[in-house]
Number of protein chains: 2
Amino acid sequence: MKLTTKGRYAVTAMMDLALHAKIGCVSLVDVSERQNISLAYLEQLFRSLKKSGLVNSIRGAKGGYMLAKGDKEISLADILVAADEQINLACGGSACSENTPCLTHGLWTNLSNQFYEFLDSKSLNDLVKSRDVQTMATMQDVTQIGNIPVQISK
Amino acid sequence: MKLTTKGRYAVTAMMDLALHAKIGCVSLVDVSERQNISLAYLEQLFRSLKKSGLVNSIRGAKGGYMLAKGDKEISLADILVAADEQINLACGGSACSENTPCLTHGLWTNLSNQFYEFLDSKSLNDLVKSRDVQTMATMQDVTQIGNIPVQISK
DNA sequence: CCGATACCCGAGTAAATCACTCAGGTTTTA
DNA sequence: TAAAACCTGAGTGATTTACTCGGGTATCGG
Ligand code: FES
Ligand code: FES
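Just so you know, these numbers come straight off a predicted model, no measurement behind them. Within each chain, residues carry numbers counting from 1 in the order of the written sequence. Labels follow written order: the first chain is A, the first ligand is 1, and so on. Totals for whole chains, interfaces and linings use every residue, but because this is a predicted model, local features are given only for residues with pLDDT of at least 70 and side-chain atom pairs only at 80 or more, for both listing and counting. Each side-chain value is worked out from all heavy atoms of the structure, with water and hydrogens disregarded.

The next subject is the protein's contact with DNA strand C. We call a residue near a molecule or strand whenever a single non-hydrogen atom of that residue lies within 4 Å of it. Around DNA strand C lies a shell of 25 residues, among which S38, Q44 and R59 of chain A together with S57 and Y65 of chain B are the nearest. Sugar and phosphate atoms constitute 60% of the interface atoms of DNA strand C, taking the interface as everything within 4 Å of the protein. We call two N or O atoms a polar contact when they sit within 3.5 Å, provided that within protein one can donate a hydrogen and the other can accept it, with sequence-adjacent residues counted only if both atoms are side-chain atoms. Take E43 of chain B: an N or O atom from its side chain is 3.2 Å from a base nitrogen of DNA strand C. R47 of chain B has a polar side-chain atom sitting 3.2 Å from a base nitrogen of DNA strand C. Secondary structure is summarised from DSSP: a helix means a run of H or I of at least four residues, a strand means a run of E of at least two, and numbering begins at the N terminus for each. Put simply, the parts of the chain that give the surface near DNA strand C at least two residues each are α1 (5-19) and α3 (39-51) of chain A together with α3 (39-51), β1 (55-58) and β2 (64-67) of chain B. Sorting elements by how many residues they give to the surface near DNA strand C places α3 of chain B first, with four residues. Each residue is assigned to one of three groups, with Ala, Val, Leu, Ile, Met, Phe, Trp, Tyr, Cys and Pro labelled nonpolar, Asp, Glu, Lys and Arg labelled charged, and all others, Gly among them, labelled polar. Across the surface near DNA strand C, the residue classes tally to nine nonpolar, eleven polar and five charged.

Time to look at the relation of the copies chain A and chain B. The copies were overlaid by least squares, fitting only the C-alpha atoms of residues that reach a pLDDT of 70 or more in each copy. For the pair chain A and chain B, the relating rotation is 180°, the translation along its axis is 0.0 Å, and the fit reaches an RMSD of 0.0 Å. Viewed as a symmetry operation, the transformation between the two copies matches a two-fold axis. Considering only C-alpha atoms, the part of chain A nearest the rotation axis is M1 of chain A, at 2.7 Å. In what follows, residue pairs with any heavy atoms lying within 4.5 Å of each other are defined as contacts. Here 100% of the interface residues in chain A have copies in chain B that are interface residues too; the copies meet face to matching face.

Inspection of the region around DNA strand D gives 26 residues, with S57 and Y65 of chain A together with S38, Q44 and R59 of chain B positioned closest. Each atom of DNA strand D within 4 Å of the protein was assigned to sugar, phosphate or base; sugar and phosphate come to 62%. Residue Y65 of chain A places a side-chain N or O atom 2.3 Å away from a phosphate oxygen belonging to DNA strand D. Between DNA strand D and the protein, one listed contact pairs a base oxygen with a side-chain N or O atom of R59 of chain B at 2.8 Å. Listing elements by their share of the surface near DNA strand D, those giving two or more residues are α3, β1 (55-58) and β2 (64-67) of chain A together with α1 (5-19) and α3 of chain B.

Centre distance within 6.5 Å is the pairing criterion for rings of Phe, Tyr and Trp, where only the six-membered ring of Trp is used; planes under 30 degrees apart are then read as stacked, over 60 as edge-to-face, and the remainder as tilted. Within this structure, the stated rule accounts for seven aromatic pairs over all chains. Measuring from centroid to centroid gives 4.7 Å for F46 of chain A and Y65 of chain A, while their planes differ by 45°, and the two rings are tilted. Note that F46 of chain A is positioned in helix α3 and Y65 of chain A in strand β2, a separation of 19 residues in sequence. Each member of the pair F46 of chain A and Y65 of chain A is classed as buried. Among the aromatic residues, those joined into a ring-pair cluster are F115 and F118 of chain A together with F115 and F118 of chain B. Summary of the burial criterion: residues with accessible area below 20% of their type's maximum are buried, those above 50% are exposed, and those between are partly exposed, where the area comes from a 1.4 Å probe applied to protein chains only.

Okay, the pairing of β2 of chain B next. Regular strands place their side chains on alternate faces of the sheet. Two strands qualify as a pair provided that DSSP identifies no fewer than 2 bridges between them. Judged from the four bridges that link them, β1 of chain B and β2 of chain B form a sheet pairing that is antiparallel. Bridge pairing in β2 of chain B places I58 of chain B opposite G64 of chain B.

Residue and element names in this part refer to chain B. Its location among the elements puts K122 in the loop between α6 (105-120) and α7 (124-129). By relative accessible area, K122 is classed as partly exposed at 26%. The spatial distance from the C-alpha of K122 to the C-alpha of T5 is 20 Å, given a sequence separation of 117 residues. Apart from residues lying up to four places away in sequence, K122 is in contact with I74, S75 and L76.

This paragraph deals with the interface of chain A and chain B. Facing 37 residues of chain A, the contacting portion of chain B comprises 37 residues. Buried surface at the junction of chain A and chain B, summed over both partners, amounts to about 3200 Å²; 74% is from carbon and sulfur atoms. Counting the contacts that link chain A with chain B gives eight residue pairs in polar contact (both at pLDDT 80 or more). Broken down by secondary-structure element, the contributors of at least two residues to the side of chain A that touches chain B are α1, α4 (76-82), α6 (105-120) and α8 (131-153) of chain A. Taken together, the residues that form the side of chain A that touches chain B break down as 24 nonpolar, eight polar and five charged. Buried area counts how much accessible surface, traced with a 1.4 Å probe, disappears from two parts once they are put together, with both parts' losses summed.

Attention now goes to the pattern of salt bridges. Residue and element names in this part refer to chain A. The salt bridge criterion pairs a side-chain nitrogen of Lys or Arg with a carboxyl oxygen of Asp or Glu, the two atoms within 4 Å. In the structure shown here, the tally under the stated rule is four salt bridges over all chains. K6 is the salt-bridge partner of D84, the closest N and O atoms lying 2.6 Å from each other. In this pair, D84 is assigned in the loop between α4 and α5 (94-97) and K6 in helix α1, connecting sequence segments 78 residues apart. Across the pair R34 and D16 runs a salt bridge, and its minimum N-O distance is 2.8 Å. Linking R34 in helix α2 (residues 28-35) with D16 in helix α1, this pair joins segments that are 18 residues apart in sequence. On the basis of relative accessible area, R34 is assigned to the buried category, the value being 11%.

Next comes the structure, spelled out in structure tokens:
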């Protein structure tokens, strides 16, 4: 029962977007630097997120990504599903959905549903509001701002 | 977010043991046939279950396995953990447990704990009592009994 | 005491999945 | 027109999964 990095990164990236929503759109280079995620991997990931309608994009210089909906409208489950992270504990095989299920089939589908409900009840806004996320986010932005003089002095 | 077959099989096998507890000990050949799980794989699996103290074994002919505790004392979480199914959504890497966690680290450990609590609240007895498990189990036993005449006629 | 039954154990392996990377595009702004 | 940024398909090394194999060793019934 574990998550792939794709799912984990997707949530991190979406939180980054939500935290910087007031700026307008956020470039993946920024996200990549702040969250230490490979840029190429992020691009691949954001294709999925866009296809699922969770983010909008603006092309060209000064472009970037932004949330397609309010952060209260996006749930943890939405993000995970968009990142190909299926919330299904049952076996995916052909025998599974058929008329001859195994002894535990019902158990897993039941559990999966309950987990999904739970994850769907947590909005991106809920996550972003949390105390430790806030402090960590400001830390990230401070180091970001700290870099600006260096860039100007060039 | 998915389960490995090891975890899934472990729960199935433990349920089989619980369902046939009255008989005494159950051989893995029986479990293998009833639940359609490779015998060799089951043996490997039961090594883990035994090491974790969930089952006891009796060697030799007429031997087999039996639950080491009452089915109310064994939780779903116990079984999954025994089958090397770690319930941890955070990244397992070295950076993870250290002093510089990512933006979502707290979220995942939190979630993992809640999932664990939930899985730990379900006992093997709870699972076995469920309506569809009961009917499926009797079906398995009927076909089992149905085979006996064939064996005698040999 | 012999052979069948069944647990015990370490190691190996094909297939699948993961976690990326690469090499190019195209669109927009300054 | 150059740079910034999004967009896309394809490829790949490493890891994990889901087993199998080939041997043991203990116990029982006859
Ligand atoms: S979980 Fe798929 S049939 Fe058992
Ligand atoms: S989950 Fe491991 S540091 Fe983020």
